[in-house]
Amino acid sequence: DTGVSQDPRHKITKRGQNVTFRCDPISEHNRLYWYRQTLGQGPEFLTYFQNEAQLEKSRLLSDRFSAERPKGSFSTLEIQRTEQGDSAMYLCASSPDGGGYYGYTFGSGTRLTVV
Amino acid sequence: LAKTTQPISMDSYEGQEVNITCSHNNIATNDYITWYQQFPSQGPRFIIQGYKTKVTNEVASLFIPADRKSSTLSLPRVSLSDTAVYYCLVGDLLNAGNMLTFGGGTRLMVKP
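Read on for an overview of the structure. As the structure is a prediction and not an experimental result, all values here were calculated from the model.

Reading the values: the criteria
Residues numbered from 1 in each chain as written. Chains lettered and ligands numbered in written order. Predicted model: local features only at pLDDT ≥ 70, side-chain atom pairs only at ≥ 80, totals over all residues. Heavy atoms only, no water. Pairing = 2+ DSSP bridges. Helix = DSSP H or I, 4+ residues; strand = E, 2+ residues; numbered from the N terminus. Axes fitted to C-alpha atoms, helices over the stretch in contact; angles between N-to-C directions. Buried < 20%, exposed > 50% of the residue type's maximum accessible area, 1.4 Å probe, protein only.

### Side note on the pairing of strand β4 (residues 45–50) of chain B
Residue and element names in this part refer to chain B.
Reasoning step 1: Across five bridges, strand β3 (residues 32–38) lies against β4 in antiparallel orientation. Looking at the pairing, Trp-35 lines up with Ile-48 of β4.
Reasoning step 2: Turn length for the β3-β4 hairpin, with the two strands adjacent in sequence and antiparallel, is six residues, and the turn residue Ser-41 shows positive phi of about 65°.

### Side note on the sheet that holds strand β8 (residues 84–91) of chain B
Residues and elements named next belong to chain B.
Reasoning step 1: An order of β1-β9-β8-β3-β4 is seen for the five strands of this open sheet, with the pairing classed as mixed. Only two strands of the sheet have a single neighbouring strand rather than two, namely β1 (9–13) and β4. Neighbour-to-neighbour, the strand axes of the sheet open up by a mean angle of 25°, direction not taken into account.

### Some thoughts on the environment of Gly85(A)
All names here are of chain A.
Reasoning step 1: On the secondary structure map, Gly-85 appears in the loop between β8 (75–79) and β9 (88–95).
Reasoning step 2: Classification of Gly-85 as exposed rests on a relative accessible area of 57%.
Reasoning step 3: Between the alpha carbons of Gly-85 and Val-115 there is a distance of 10.0 Å; along the sequence they are 30 residues apart.

Encoded structure:
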């Protein structure tokens with residue numbers, strides 16, 4: 001296992017289009033998180049899964065955003081009707097059930113540019 | 001989650017020791033202090049975590065005074081490759097759903 005994988009690394013889309021990102025966490029990690037990071041800012045929490053259950057959602061996650069984690073393995077984050085303000089780096093992280101004791105492992109992110 | 005305050009940026013030279021201090025006056029009893037490092041176009045990387053006194057690993061040391069209202073990340077003998085943003089986070093990370101809250105971080109520039 002080589003860590004948290006995210007695909008694609010870069011995505012350019014036109015305003016109004018839908019986009020979907022994928023995250024493959026470390027296989028033995030039950031917890032999976034999505035964050036968004038804009039230029040010059042720290043990452044902001046979007047949502048959290050414990051296995052397949054989505055347990056927490058930030059108010060940043062508008063109704064245009066949806067995240068899934070079927071079977072508790074990989075996760076997808078979909079943005080519908082993209083807006084220019086959605087341009088950001090979308091980061092996925094995973095951790096074992098011990099949570100913060102072991103730190104979170106982040107992927108390299110998907111950089112979204114909405115034109 | 002406790003709010004943290006750290007310098008926006010710092011400059012250093014290769015071979016020097018760098019100390020980045022983070023203030024967290026409202027830290028709670030169950031809160032841990034965690035530091036992450038982030039390079040451009042990469043996700044943050046866990047560096048070190050502690051609760052009190054001193055923690056040391058192969059990358060850094062973390063000093064936490066008795067009142068735990070601040071902490072200092074110490075990077076020994078930095079190199080150019082240590083140029084990155086360093087984030088201090090404070091929170092009860094053991095509880096499910098307690099996500100990480102990042103501030104703006106400290107941008108460390110290491111010069112030759």
